[in-house]
Amino acid sequence: MNIPANLKYTKDHEWVSIDGDVATVGITHFAQKELGDIVYVEVETLDQTLEKDEVFGTVEAVKTVSDLFLPMSGEIIEFNDALESKPESVNSDPYGAGWMIKVKVSNIAEYDSLLSSDSYKELIGA
């Protein structure tokens, strides 16, 4: 199970990397594996400011649709447009080409409340 130590995680199986006040968000290797083949990623909240844990989009797999929850409050400033034509990138490269959104974070302290890689491994039993 691939769980990079340099990222933070949520109980909802999203990962977060931070660069200044911009967070990049995607779903974890565990989440994409549980969902199966990803066929569509929908984010209709671009340019909106949302609170932590609000739904920012959905990810659709062959068998199910799952909500995506914002791990940190802020404005969604970018959507990974490449996912429109290649949603399978979420399966093949969840921590790279499969990233979903970038968020201009409004409360950087929320980053510290996210799970470390060790805590996330414990959560999923890895």
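Residues numbered from 1 in each chain as written. Predicted model: local features only at pLDDT ≥ 70, side-chain atom pairs only at ≥ 80, totals over all residues. Heavy atoms only, no water.

Topic: the overall build of the chain
Stage number 1. When its secondary structure is counted, the chain shows four helices and nine strands.
Stage number 2. N-terminal to C-terminal, the α/β element order of the chain is β-β-β-α-β-β-β-β-β-α-α-β-α.
Stage number 3. In terms of C-alpha radius of gyration, the chain reaches 13 Å, essentially the compact-globule figure of 14 Å for 126 residues.
Stage number 4. Referenced to the eigenvectors of the C-alpha coordinate spread, the extents of the chain come out at roughly 35 × 35 × 20 Å.
Stage number 5. Going through the 126 residues of the chain one by one, you find that 45% of them count as buried.
Stage number 6. Surface exposure of the chain reaches about 6400 Å², of which carbon and sulfur atoms provide 46%.
Stage number 7. Distance between charge centres in the chain, computed from 9 positive and 24 negative side chains, equals 7 Å. (Helix = DSSP H or I, 4+ residues; strand = E, 2+ residues; numbered from the N terminus. Rg over C-alpha atoms; globule rule 2.2 N^0.38 Å. Buried < 20%, exposed > 50% of the residue type's maximum accessible area, 1.4 Å probe, protein only. Areas by Shrake-Rupley, 256 points an atom, 1.4 Å probe, with all protein chains shown as cover. Lys, Arg positive; Asp, Glu negative; His and termini not counted. Charge placed at Lys NZ, Arg CZ, Asp CG, Glu CD.)

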